[in-house]
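# Analysis of the macromolecular model
What follows is each chain in one-letter form.
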Amino acid sequence: SQTIHQWPATLVQPVGSPLSLECTVEGTSNPNLYWYRQAAGRGLQLLFYSVGIGQISSEVPQNLSASRPQDRQFILSSKKLLLSDSGFYLCAWTAGQSFYGYTFGSGTRLTVV
Amino acid sequence: QKEVEQNSGPLSVPEGAIASLNCTYSDRGSQSFFWYRQYSGKSPELIMFIYSNGDKEDGRFTAQLNKASQYVSLLIRDSQPSDSATYLCAVGGNGGFKTIFGAGTRLFVKA
């Protein structure tokens, strides 16, 4: 069966520090991968999605970036965090040729101080 | 701006009652509709999806879609305290890339 791993679970970072969040999927190949952010009291906001290695689409211009160095690995990064980057970051995957909803990872709660 | 609107709640129902959660969306071209459940501090989990007008039932859950009214709902029969969570409505096109999420409705089931 397919599983999605996301780490770390919680992170407290100072303003201006770098960020690296990692997500891996097991049990499938060529998944579509997504990074979402959930701010308190708001809906999920799509940040990036990827349909293959090295293919990244950005939905929201900001100081975050994403990379997909391997088929089942998706990384969210920042060179300098802002206070507004605080939130609950979720990685998700879907099968490449069909869409019946997302499977989310366990999430990373990021607090920028 | 494509939008998905939900009443933030909290919606409070007694145990054993039917909980009715509602969602409206702005994009008439939307083709896929989803309900996710999110417990406090946890990630969302998919409950149901519906693509066609009408009702779709899965156990105690029924999703209802009315594309003409741009309205989708989730009914939870025989509500249990374990159903207490935030329910997210999500609406998308043909594929997962442009799915828009509502802010969610908090449901509280009283024992």
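So, here's what we can say about the structure. Since the structure is predicted, the reported quantities are computational estimates derived from the model, not experimental observations.

### Observations regarding the overall build of chain A
- Tallying secondary structure elements over chain A gives zero helices and eleven strands in all.
- Helices (α) and strands (β) of chain A occur, in sequence order from the N terminus, as β-β-β-β-β-β-β-β-β-β-β.
- The C-alpha radius of gyration of chain A comes to 13 Å, within 12% of the 13 Å expected for a compact globule of 113 residues.
- In terms of principal-axis extent, the alpha carbons of chain A reach across some 40 × 25 × 20 Å.
- Across chain A, the fraction of contacts at a sequence separation of at least 24, relative to all contacts at a separation of at least 6, is 54%.
- Surface accessibility of chain A: about 5300 Å² in total, with carbon and sulfur atoms responsible for 52%.
- Taking the average place of the 7 positive charges on the side chains of chain A and the average place of its 5 negative ones, the gap between the two points comes to 8 Å.

### Here we look at the sheet that holds strand β3 (residues 19-25) of chain B
All names here are of chain B.
- Taken together, five strands build an open sheet; the order of strands is β1-β3-β8-β7-β6 and the sheet is antiparallel. Each edge of the open sheet carries a strand with a single partner, namely β1 (4-5) and β6 (54-58).
- In this structure, β1 lies alongside β3, joined through two bridges in antiparallel fashion. By the bridge assignment, Val4 is partnered in β3 with Tyr25.

### As for the interface of chain B and chain A
- Listed by partner, the interface residues are 20 residues for chain B and 22 residues for chain A.
- In this assembly, chain B and chain A are joined by zero salt bridges.
- Summed over the shared surface of chain B and chain A, the number is four residue pairs in polar contact (both at pLDDT 80 or more).
- In terms of residue count, strand β4 (residues 32-38) of chain B provides more of the side of chain B that touches chain A than any other element does, four residues in total.

### Some points on the packing of aromatic side chains
- Overall, the coordinates contain 18 aromatic pairs over all chains when judged by the stated rule.
- Here Phe34 of chain B and Phe49 of chain B contribute two aromatic rings whose centre-to-centre distance is 6.4 Å and whose plane-to-plane angle is 45°, an arrangement assigned as tilted. Within this pair, whereas Phe34 of chain B is found in strand β4, its partner Phe49 of chain B is found in strand β5 (residues 45-50), the two being separated by 15 residues in sequence.
- The class for Phe49 of chain B is partly exposed, based on a relative accessible area of 23%.
- Measuring from centroid to centroid gives 5.5 Å for Tyr36 of chain B and Phe101 of chain B, while their planes differ by 45°, and the two rings are tilted. Separated by 65 residues along the polypeptide, Tyr36 of chain B in strand β4 and Phe101 of chain B in strand β10 (residues 100-101) bring together distant segments of the chain. Across this residue pair, the class does not change: Tyr36 of chain B and Phe101 of chain B are buried.
- Members of the aromatic cluster, each reached through a chain of ring pairs, are Tyr34, Tyr36, Tyr49, Tyr100, Tyr102 and Phe104 of chain A together with Phe34, Tyr36, Phe49, Tyr51 and Phe101 of chain B.
- A cation over an aromatic ring shows up here: Lys56 of chain B above the ring of Phe49 of chain B, its NZ or CZ 3.6 Å from the ring centre.

Rules of the game
- Residues numbered from 1 in each chain as written.
- Chains lettered and ligands numbered in written order.
- Predicted model: local features only at pLDDT ≥ 70, side-chain atom pairs only at ≥ 80, totals over all residues.
- Heavy atoms only, no water.
- Helix = DSSP H or I, 4+ residues; strand = E, 2+ residues; numbered from the N terminus.
- Rg over C-alpha atoms; globule rule 2.2 N^0.38 Å.
- Contact = heavy atoms within 4.5 Å.
- Areas by Shrake-Rupley, 256 points an atom, 1.4 Å probe, with all protein chains shown as cover.
- Lys, Arg positive; Asp, Glu negative; His and termini not counted.
- Charge placed at Lys NZ, Arg CZ, Asp CG, Glu CD.
- Pairing = 2+ DSSP bridges.
- Salt bridge = Lys/Arg side-chain N within 4 Å of Asp/Glu carboxyl O.
- Polar contact = N/O pair within 3.5 Å; in protein donor to acceptor, adjacent residues only side chain to side chain.
- Phe/Tyr/Trp six-rings, centres within 6.5 Å; stacked < 30°, edge-to-face > 60°.
- Buried < 20%, exposed > 50% of the residue type's maximum accessible area, 1.4 Å probe, protein only.
- Lys NZ or Arg CZ within 6 Å of the ring centre and 35° of its normal.

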